[in-house]
Amino acid sequence: MNTDVLIVGAGPTGLTLGIDLARRGVDALVVERDGTLFPGSRGKGFQPRTMEVFDDLGVLDAIRAAGGTYPVGAIWKGGRRAGEQRMFEPLPASEETPYTEPWMVPQWRTQEILRDRLVELGGEVAFGREVVGVLQDANGVTAQLASGGTVRARYAVAADGGRSAVRRALGVGMTGETVDPRPMLVADVRINGLDRDNWHFFPAEEAGGRLALCPLVGTEDFQLTAEFPEGTEVDLTPDGIRKVVADRTHLAAQDVTEVRWASDFRPRAALADRFRVGRVFLAGDAAHVHSPAGGQGLNTSVQDAYNLGWKLGAVLTGGARAALLDSYEEERRPVAARMLGVSTGVHRGEVRRGKETQQLALGYPESSLTAETRTAPAGALRAGDRAPDGRVDGVRLFDAFRGPHWTLLALGTDAPDEHLGAVRVVRGPVHGAYGRGVFLVRPDGYVGWAAETADGLPEYLVRVGLR
């Protein structure tokens, strides 16, 4: 079996990458060890920047239809409601940032939506294909399957989770720490006796630890999370889960009518020592493992794929030099390291969920792909920053950006007259979020090049493979 890009793992990372490559006309194959998509709710929260990614990839409407905002927390003590807790600092939406609220969708439903979009674009997922080894040469990668077969690809991407078999086969280590030594339980349950308008919190009692039950929008399920004393062996059986609920809440064991999925873990933070080895890239949990607090792991993973997709597409179908792929690790590893710090801080109560967790302020100002030629004032939009939304002469910028192309904004100045190939050009007056200048927006929605005039643009286009 041959393909241009082999993607190992059909989680949100692998499916997002598959979608981005499919819309660029790249032959890519997603393989998944299991026989079906992941069945649980584990990663359920999308930050505003990821909603912008989904807007571009054509799945935002489905994601919004399948989920909802996070409910207000209800704190219970002694069988009575004793207070409320808002999980996120409210931030107002604006023309430049249309999505500011985290959005909840259970992971299994997200993966269905992404898989359906991939199939719509002509891609596929091959289930029951476990990759157990990789061999590389100057021209490509040969992945060895547990079944004895092989897949040959020009490039491969490990998106196979925190215990990545591909990462281990490459000999790449992970450096990190235990965020919390106490084991955690996460499960999807159906339960009687609680309203679905609140996220229900039961503080730690002497007999155990904290427990929470969050209604999963669009389903009949609650996501149950519970912590246990260090050294506890977590009982994942339905009876064990019912006992935890009965011991720590005012509910009875029989109120848990069904346990649909359950898992245990110990919160940790770890970063792969490398994100690339030759023709193989690490993305998502294969590259960085987060505490679930604050929802940074899932979101960082989706954005890994979004960063890598356009670069692989440019090299494989756009004529860009292979050196462009070096920028993936250069850009994404520092971001992953930063977000590991944020998720650990949220877990320990040191960081508040709000601007720090939205991921809208992340960018690539130090990237080798970033070229800022102006002397912009402090606080002004600069190359490397996320490109804001807005309207220019009646055109919504996110509509102009949507798709696999680059976009050139000429605001309050002349655009170049020459043919720019696959670059879409938007002309207009000086814009509040951007000011005056010429801005070349990358396919992943970041400003790659910014200048007062179009002088120097041809040289940058050569650098990134656009001519």
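Worth saying up front: this structure is predicted, and the values here are computed from it rather than measured.

### Here's the deal with the overall build of the chain
So, step 1. On a plain count of helices and strands, the chain comes out with 11 helices and 28 strands.
So, step 2. For the chain, whose C-alpha radius of gyration is 23 Å, the value lies close to the compact-globule estimate of 23 Å for 467 residues.
So, step 3. The principal-axis extents of the C-alpha atoms in the chain amount to approximately 75 × 55 × 35 Å.
So, step 4. A sequence separation of at least 24 residues applies to 70% of the contacts in the chain between residues at least 6 apart.
So, step 5. Summed over its atoms, the accessible surface of the chain is roughly 19100 Å², and 46% of this surface lies on carbon and sulfur atoms.
So, step 6. If the 54 positive side-chain charges of the chain are averaged to one point and the 61 negative ones to another, these points end up 1 Å apart.

### Some details on the packing of helix α1 (residues 12-22) against helix α4 (residues 107-120)
So, step 1. Where α1 contacts α4, the axes come no closer than 9 Å and their chain directions differ by 20 degrees. In terms of orientation, α1 lies roughly parallel with respect to α4. The element α1 and its partner α4 pack so that their crossing is left-handed. Touching P12, L15, T16, G18, I19 and A22 of α1 are Q107, Q111, L114, R115, R117 and L118, all from α4.

### Re the packing of α1 against helix α7 (residues 296-317)
So, step 1. Look at α1 against α7: their axes get within 8 Å of each other, and the N-to-C directions meet at 30 degrees. Put simply, α1 runs roughly parallel to α7. At the point where α1 passes α7, the crossing takes the right-handed sense. Residues P12, T13, T16, L17, D20 and L21 of α1 form the contact with α7, whose own contacting residues are L298, S301, V302, A305, Y306, L308, G309, W310, L312 and G313.
So, step 2. Looking at the contact of α1 with α7 residue by residue, the class counts come to 10 nonpolar, 5 polar and 1 charged.

### Here's the deal with the environment of G345
So, step 1. Relative to the helices and strands, G345 resides in helix α8 (residues 326-347).
So, step 2. Linking G345 and R182, residues 163 residues apart in sequence, is a C-alpha distance of 16 Å.

### Some details on the side chain of Q223
So, step 1. As for its placement among the helices and strands, Q223 is situated in strand β16 (residues 222-227).
So, step 2. Among the polar contacts listed, one links the side chain of Q223 to the side chain of K44, at a separation of 2.8 Å.
So, step 3. Setting aside anything within four residues of it in sequence, one finds Q223 in contact with S41, R42, K44, V186, A187, D188, A212, L213, C214 and L216.

### Comments concerning the pairing of strand β1 (residues 2-8)
Put simply, side chains in a regular strand alternate between the two faces of the sheet.
So, step 1. Extensive coverage of β1 is indicated by the burial of 5 of its 7 residues.
So, step 2. In this sheet, strand β11 (residues 150-158) lies alongside β1 in parallel orientation, the contact comprising 6 bridges. When the bridges of β11 are listed, V5 appears paired with Y155.
So, step 3. Looking at chain direction, β1 and strand β2 (residues 28-32) are connected through 4 bridges and run parallel. In the sheet register, V5 faces β2, and the bridge partner there is A28.
So, step 4. With α1 bridging β1 and its parallel neighbour β2, the resulting β-α-β unit is right-handed.

### Observations concerning the nonpolar core
Across soluble globular proteins, nonpolar side chains have a tendency to be buried as a group.
So, step 1. Of all hydrophobic cores here, the largest spans 105 residues; its most connected members are V5, L6, I63, L312, L409, Y434 and L440.
So, step 2. Counting residues per element, this core draws most heavily on α7, at 10 residues.
So, step 3. Counting 20 residues, the second largest nonpolar core, distinct from the first, contains W76, I191, L194 and F202.

### Digging into the side chain of Q303
So, step 1. Relative to the elements of secondary structure, Q303 occurs in helix α7.
So, step 2. Relative accessible area serves as the criterion here: at 4%, Q303 is assigned to the buried category.

Thresholds, definitions, all that
- Residues numbered from 1 in each chain as written.
- Predicted model: local features only at pLDDT ≥ 70, side-chain atom pairs only at ≥ 80, totals over all residues.
- Heavy atoms only, no water.
- Helix = DSSP H or I, 4+ residues; strand = E, 2+ residues; numbered from the N terminus.
- Rg over C-alpha atoms; globule rule 2.2 N^0.38 Å.
- Contact = heavy atoms within 4.5 Å.
- Areas by Shrake-Rupley, 256 points an atom, 1.4 Å probe, with all protein chains shown as cover.
- Lys, Arg positive; Asp, Glu negative; His and termini not counted.
- Charge placed at Lys NZ, Arg CZ, Asp CG, Glu CD.
- Axes fitted to C-alpha atoms, helices over the stretch in contact; angles between N-to-C directions.
- Parallel < 35°, antiparallel > 145°, perpendicular 65-115°, else oblique.
- Left-handed = near helix turned anticlockwise from the far one by under 90°.
- Nonpolar A, V, L, I, M, F, W, Y, C, P; charged D, E, K, R; others polar.
- Polar contact = N/O pair within 3.5 Å; in protein donor to acceptor, adjacent residues only side chain to side chain.
- Buried < 20%, exposed > 50% of the residue type's maximum accessible area, 1.4 Å probe, protein only.
- Pairing = 2+ DSSP bridges.
- Right-handed = clockwise from strand over helix to strand, strands pointing away.
- Core = buried A, V, L, I, M, F, W, Y, C linked by side-chain atoms within 4.5 Å.

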